[in-house]
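Chains, contacts and geometry: an overview
Residue strings, one per chain:
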Amino acid sequence: MENIIDYQTKLIHTFTHKWTERAQVRKTYYPYERVELDVEKPDFLTELLPFSQHPLWNKADAFLKKRVNSLGWILYNKKTIHIETEIVMPVCDDIVHGNFAVLEDDHFKQLASQAMIDESYHTLLSVKGCALISEFRCLPKITLPAFQLITQLKKELFAASSWQQTLIRLAAAISSELLVSDYLISLSNSTEIQPFCRALTEAHWRDEMSHAGIFTLLTRKIFPALNPGDQAFLIEVIMRCSTWFNDKESACWLSILNYLEFPDAETMLFECNLPNNNLNKNKLNHLIQSLALTTQGETRHDHSFSI
Ligand SMILES: [Fe+2]
Ligand SMILES: [Fe+2]
């Protein structure tokens, strides 16, 4: 057991000390500087549109599809801003303020403060990403309805006690941090999309690779210190949050498609509103399994971190 604690402590210290080398905000090159936009390239990956396989989408006019694709980029970035500011940063705030007694060590507080800076930078990237593409494509300013991910989280928080709210915030952040990197990688690896959009998501993805490891370590530190009831509650909420994260945000899409007068938008969305089975939940499932082992008195090293 002592070896595992030493190993975790070493990893936490390494993550903290290497931040200046790895954090994208510390790089001299910012993806939104020296931007050259390519009018021909799509701004977003068409395969990530929830209706990209539907016959109504396939037969739609090419110009209309291009407008939908560009607004898909805006929707993705607006959702990213909500995740950063309403899901991940509040947990960093909890850690910095000592709301988890087991994370009182200064290294955890440093790690959380560094993650907050990273997430603020990702927010800036998304704000810039929306502004530049909106201007370039002369996109309409559409007010989107609330994202299901955020609405569900607020509902869960509303009925909870103060300590449960802390655990719910943690569950939402764990879930998002372990699911987001696989979503980002498809955009950051694409040679098909606008190079600016690719570079911007790549910068975000590089940070998130480390965050997945950091949030795994933090969870492994917090979890054994919880009582069995809180442990069960945390696992249950992590699983629930992953379902919200997976939501296709049909209401937001409907307002975009209706604004652009996309034919039979409601039918198309209704027929595409099945759960998204493509989401890679490997990292999250691996963490849940290792937490379940902890409750049975077993522990496991994890050598899959990117530092
Ligand atoms: Fe982020
Ligand atoms: Fe993150």
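None of the values given here were measured: they were computed from a predicted structure. (Residues numbered from 1 in each chain as written. Chains lettered and ligands numbered in written order. Predicted model: local features only at pLDDT ≥ 70, side-chain atom pairs only at ≥ 80, totals over all residues.)

**A look at the overall build of the protein chain**
Within the protein chain, the secondary structure is distributed over 12 helices and zero strands. Start at the N end of the protein chain and walk to the C end: the helices and strands fall as α-α-α-α-α-α-α-α-α-α-α-α. Overall size of the protein chain, expressed as C-alpha extent along the three principal axes, is 65 × 45 × 30 Å. Among the 307 residues that make up the protein chain, the fraction classed as buried is 36%. (Helix = DSSP H or I, 4+ residues; strand = E, 2+ residues; numbered from the N terminus. Buried ≥ 20, exposed ≤ 12 C-beta atoms within 10 Å, placed from the backbone.)

**Observations regarding helix H9 (residues 228-245)**
Taking 1.5 Å per residue, 18 residues should reach 26 Å; H9 reaches 26 Å between its end C-alpha atoms and fits that length. Buried residues of H9: Leu234, Val237, Ile238, Cys241, Ser242 and Phe245, and no others. The arc enclosing the buried residues of H9, seen along the axis, measures out at 145°, which places them on a common side. In this structure, H9 carries Pro228, Gly229 and Glu236 as exposed residues pointing more than 90 degrees from its buried face. (Expected span 1.5 Å × (residues − 1). Arc of directions from axis to C-beta.)

**Examining the packing of helix H4 (residues 62-96) against helix H10 (residues 250-259)**
For the pair H4 and H10, the least separation of the axes is 11 Å and the interaxial angle reads 145°. Crossing handedness for the pair H4 and H10: right-handed. Contacts between H4 and H10 involve Val68, Leu71 and Leu75 from the former and Cys252, Ile256 and Leu257 from the latter. Classifying every residue of the contact of H4 with H10 by side-chain character gives six nonpolar, no polar and no charged. (Axes fitted to C-alpha atoms, helices over the stretch in contact; angles between N-to-C directions. Left-handed = near helix turned anticlockwise from the far one by under 90°. Contact = placed C-beta atoms within 7 Å. Nonpolar A, V, L, I, M, F, W, Y, C, P; charged D, E, K, R; others polar.)

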